Amino acid sequence: MSIPEVPDVSGLVTEVLLTAGQIQTTVRDLGARISADYAGRELSLVSILKGGTFFLVDLARAIEVPVTIDFFGISSYGADRHSGVVRITKDLDESIEGRDVLLVEDIVDTGLTLGYIRRALEARGPASLRTCVLFDRPYRRIVDLPVEYRGLELPDLFVVGYGLDWQQKYRNLPYVGVLNPELYDPSRTRMPWQA
Ligand code: PRP
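Residues numbered from 1 in each chain as written. Predicted model: local features only at pLDDT ≥ 70, side-chain atom pairs only at ≥ 80, totals over all residues. Heavy atoms only, no water.

K.L.:
Got a sec to walk through the environment of Asp156? Specific residues and values, please.
P.N.:
Tracing the sequence through the fold places Asp156 in the loop between strand E7 (149-153) and strand E8 (159-160). Residues Asp156 and Asp109 lie 47 residues apart in sequence; the distance between their C-alpha atoms is 9.8 Å. (Helix = DSSP H or I, 4+ residues; strand = E, 2+ residues; numbered from the N terminus.)

Right, here's the structure in full:
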């Protein structure tokens, strides 16, 4: 059974911002750039749980040099997303000392998550450490950090799909769509992720 490019979303999203085809084209382009940059080397891909996993799998298949994959998890920010207080919920299985490491993340907003993880991984002595993000909201950045491989910019809307969730759901949509505001409290003046 084939997955339609734009499925019948039945009120879940009000607009499809990025089709599955557009996303896959971007992933392939990123994979080609990474393959060229790391030609003749091996690469350790580190994905951030949970949203980054969907991108990781497709990106790994678009990279032509040998790769290993590993996963890193940190807790949400709790009551204050900007507190900088985080907890490692899943550490890497393998050492990255002396390895070429590419952090793979679905989205960077404030940069707090990636900033923390970059610092944590740099302390482990990788030969190199770069970052690849599929989606970016650069206008929301609080922490300035290098992003060597960047896919697509997203508008300041609550979107779901391709790793991005609402209440842990809808990550598995093959496209990115704007979540129907009727599904969350329409009287809210702040976006759900700002709570
Ligand atoms: C999302 C995303 C990044 C982070 C980006 O994760 O996957 O890790 O937010 O935001 P920032 O740049 O403002 O730190 P989330 O905390 O929603 O967890 P999830 O990956 O499990 O969805």
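K.L.:
I'd love a proper account of the packing of aromatic side chains, names of residues and values included.
P.N.:
Evaluated as defined, the whole model comprises one aromatic pair. Ring geometry for Trp166 and Tyr170: centres 6.5 Å apart, planes at 10°, overall stacked. Relative accessible area serves as the criterion here: at 25%, Tyr170 is assigned to the partly exposed category. (Phe/Tyr/Trp six-rings, centres within 6.5 Å; stacked < 30°, edge-to-face > 60°. Buried < 20%, exposed > 50% of the residue type's maximum accessible area, 1.4 Å probe, protein only.)

K.L.:
How would you explain the site of the ligand if you had to name every residue and give the values?
P.N.:
Taken together, 16 residues surround the ligand, and among them Glu105, Asp106, Thr110, Gly111 and Thr113 come closest. Between the ligand and Arg171, the relevant distance is 2.9 Å, taken from an oxygen atom to a side-chain nitrogen or oxygen of the residue. Relative to its free-state accessible area of 500 Å², the ligand is covered by the protein chains to the extent of 82%. When residues of the shell around the ligand are assigned to their parent elements, the largest contribution, four residues, is made by strand E5 (residues 100-108). (Near = heavy atom within 4 Å. Polar contact = N/O pair within 3.5 Å; in protein donor to acceptor, adjacent residues only side chain to side chain. Areas by Shrake-Rupley, 256 points an atom, 1.4 Å probe, with all protein chains shown as cover.)

K.L.:
Mind laying out the pattern of salt bridges, listing which residues take part and the relevant values?
P.N.:
As enumerated under the stated definition, the model contains 14 salt bridges in all. Linking Asp91 and Arg124 is a salt bridge whose minimum nitrogen-to-oxygen distance equals 2.9 Å. You can see Asp91 sitting in the loop between strand E4 (88-90) and E5 and its partner Arg124 sitting in the loop between helix H3 (112-122) and strand E6 (128-136), a full 33 residues away along the chain. Its relative accessible area of 29% is what places Arg124 among the partly exposed residues. (Salt bridge = Lys/Arg side-chain N within 4 Å of Asp/Glu carboxyl O.)

All quantities given are derived from atomic positions and should not be read as evidence of function.
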